[in-house]
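An overview of the molecular structure
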Amino acid sequence: MLNLLGDGSAHDCDGSTRRDFLTVGALSALGFSLADMAAASEAGAVKKGHEDKACILIFNLGAPSGQDCFDPKPDAPKEIRGPFQAVPTKGDFLLSEILPEHAKLADRFSMVRSCYHTAPAVHDTGLQMMQTGRLFTGGVNSPHAGSVLSYLRGRKTDLPASVILPERMGAVGGNLPNGQDAGFLGRGHDPFILNADPSQPDFKVPDLLPPKSLGDARLERRRKLRSIVEGHAAAFEASDQARLMDSNFESAYRLITSPQARGAFDLNQEPDSVRDRYGRNRFGASLLLARRLIEAGVRFVTVNTFLTVFNEITWDIHGTNPFTSIEGMRDVVAPMYDQAYSALMTDLIDRGMLDDTLVCNLAEFGRTPRVNPAGGRDHWPQCWTMYFAGGGVQGGRAVGASDEIGAYPAERPTTPADIVGTIFHSLGLDLEQHLPGPAGRPFPLVDFGTKPLYELFA
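All values derive from a computational prediction rather than experimental measurement. (Residues numbered from 1 in each chain as written. Predicted model: local features only at pLDDT ≥ 70, side-chain atom pairs only at ≥ 80, totals over all residues. Heavy atoms only, no water.)

**Topic: the pairing of strand S4 (residues 109–115)**
For S4, the buried fraction is high: seven of the seven residues fall into the buried class. Of the strand pairs in this sheet, S4 and strand S11 (residues 384–389) are connected by five bridges, and their pairing is antiparallel. Paired with Ser110 across the bridge in S11 is Phe388. Inspection of the sheet shows S4 paired to strand S12 (residues 398–399) by two bridges, in the parallel sense. If you follow Met111 over to S12, its bridge partner there is Ala398. (Buried < 20%, exposed > 50% of the residue type's maximum accessible area, 1.4 Å probe, protein only. Helix = DSSP H or I, 4+ residues; strand = E, 2+ residues; numbered from the N terminus. Pairing = 2+ DSSP bridges.)

Here it is in structure tokens:
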């Protein structure tokens, strides 16, 4: 975490005290490299002229089965349609019976049933593309959508611009970037990672409170570090980067001492009835915390439904250990997910927040049309479903369609880049603008040929 406990002296540019002071661990949303500072400075010039909307990105790590959840095929053979019945909804589409609360709210969200990609059918590739719009190629690590928003608009309050709950994704079987960092934008725009389970009775956010051993006077002394630097590194102090370093330190100081930040993360301020409505589990508490953070001024919150696909009941329903069975999805995953999502949607509607808050439910790929011999379904990036609510999205409709068994897009094929472009469109970003890419080269916000789903907003 951010270390504010140096010895009160400053050495040369590589001295231990300065490094000690600028150490950033879990508080990665406030990294302090000079490249990050330059990027942050440039970002300040592009804040004007955009709508002030926010996003909650629910990432369904492990990938739900369309046939069993969001795109049922009631007329297909049993080995295709699976064990669950399709039910009518308040929207113009059917859903699975294992998502009854979704069915009641289907007039408030819209489905995209024709997503696909052509990269390998492994979790890493889908995770990257769905959160950055691009695959990790040529050593170029593209930034998470929340990091892009952080760069282009900065923070609104003492809270970070982008937050990931409850933790960054862990092991999924590969060793490639998972799309949950700022990539070439630099660590200064990494999302703030909670690194805690908000459903636990003793839940605290370690990086938001100074250590108990740090008194107010000592913290104030560290706040005046710039005067120390002035005395020992005058040449550095004359640079634009140094002035921005001081600004970034002030941001870090505000975060860890801000009553507003502490209050936003304090779920004890919510009535028991609200916490029960979301569910007393990690995912439910994370969605409730996401609502509180958006309400307090965070621009982008990513909620990982799960942290790994191994030895945990998740959407990854291969049917054999260490993965999940269809029954595990039915009995554990779907009820938890259905309850928490409906609570979030109802809360946003009741609080008048949904119009300005995009809620998108994404996944890295779909599942095989046919049930496998173990009674599960395997990876299938050729076609799957995602859905959107709020942020200008018109509810109750299905955009695109899969074929009769859910194997391939039949209408409006949609790529991960199109999905990320849709998020940027909802947030009011100009898709023609550029970011400072590797080696300082201009890097397009979205690739040529990206087709945001404007149909969702018409």
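So that's the structure; there's more coming.
**So, the sheet that holds strand S1 (residues 54–59)**
Read from one edge of the open sheet, eight strands run S6-S5-S7-S1-S8-S11-S4-S12, paired in mixed fashion. For this open sheet the edge positions go to strand S6 (192–193) and S12, each flanked by a neighbour on one side alone. Across two bridges, strand S5 (residues 162–165) lies against S6 in parallel orientation. Following the sheet pairing, Val163 is matched in S6 by Phe192. Sheet strands touched by helix H14 (residues 326–350): S1, S4, strand S8 (357–362) and S11. Its angle to S8, the strand with the most contacts, is close to 165 degrees. On top of the sheet, helix H15 (residues 416–426) reaches S1, S4, strand S7 (300–304), S8 and S11; it is set at about 170 degrees to S8, its chief contact. (Contact = heavy atoms within 4.5 Å. Axes fitted to C-alpha atoms, helices over the stretch in contact; angles between N-to-C directions.)

**What about the nonpolar core?**
One finds Phe109, Leu293, Leu362, Phe388 and Ile423 to be the most contacted residues of the largest nonpolar core, which totals 104 residues. For this core, the leading source of residues is H14, giving 12 residues. When residues no more than four places from it in sequence are discounted, the contact partners of Ile423 are Cys55, Leu57, Phe300, Leu358, Cys360, Leu362 and Phe388. (Core = buried A, V, L, I, M, F, W, Y, C linked by side-chain atoms within 4.5 Å.)

**Side note on the packing of helix H5 (residues 123–132) against H15**
For the pair H5 and H15, the least separation of the axes is 7 Å and the interaxial angle reads 35 degrees. Judged by residue contacts, Met129, Met130, Gln131 and Thr132 of H5 engage Pro416, Ile419 and Val420 from H15. In terms of residue class, the contact of H5 with H15 is built from five nonpolar, two polar and no charged. (Nonpolar A, V, L, I, M, F, W, Y, C, P; charged D, E, K, R; others polar.)

**Details of the pattern of salt bridges**
All chains considered together, the criterion is met by 21 salt bridges. Where Glu270 meets Arg291, a salt bridge forms, and the shortest distance between an N and an O atom there is 3.0 Å. Note that Glu270 is positioned in the loop between helix H11 (259–264) and helix H12 (272–278) and Arg291 in helix H13 (residues 282–296), a separation of 21 residues in sequence. You'll find Glu270 and Arg291 in the same group, each marked buried. Its salt-bridge partner being Arg351, residue Glu295 comes within 2.9 Å of it at the nearest N-O pair. With a gap of 56 residues between them, Glu295 in helix H13 and Arg351 in the loop between H14 and S8 connect regions that are remote in the sequence. (Salt bridge = Lys/Arg side-chain N within 4 Å of Asp/Glu carboxyl O.)

**Focus on the side chain of Ser258**
Examined against the element boundaries, Ser258 turns out to sit in the loop between helix H10 (240–257) and H11. For Ser258, a relative accessible area of 3% corresponds to the buried category. Here the side chain of Ser258 touches Gln260 through a polar contact of 3.1 Å, landing on its backbone nitrogen. (Polar contact = N/O pair within 3.5 Å; in protein donor to acceptor, adjacent residues only side chain to side chain.)

**Some points on the confidence of the model for the protein**
Considering every residue of the protein, the mean pLDDT works out to 85; 78% of them sit at 70 or more. For the stretch residues 1–50, pLDDT sits under 50, and the model shows 118 contacts to residues farther than four places along the chain or on other chains. Predicted confidence for residues 240–247 stays below pLDDT 50, and this span has 16 contacts to residues more than four positions away or in other chains. (pLDDT = per-residue confidence, 0-100.)

**So, the packing of H13 against H14**
Packed helices, taken two at a time, are described by the angle between their axes plus the distance between the axes. Where H13 meets H14, the axes come as close as 9 Å, and the angle between the chain directions of the two elements is 15 degrees. Relative to H14, the element H13 is oriented roughly parallel. Between H13 and H14 the crossing geometry is right-handed. Judged by residue contacts, Phe283, Gly284, Leu287, Leu288 and Arg291 of H13 engage Met336, Tyr337, Ala340, Tyr341, Leu344, Asp347 and Leu348 from H14. Looking at the contact of H13 with H14 residue by residue, the classes come out as nine nonpolar, one polar and two charged. (Parallel < 35°, antiparallel > 145°, perpendicular 65-115°, else oblique. Left-handed = near helix turned anticlockwise from the far one by under 90°.)

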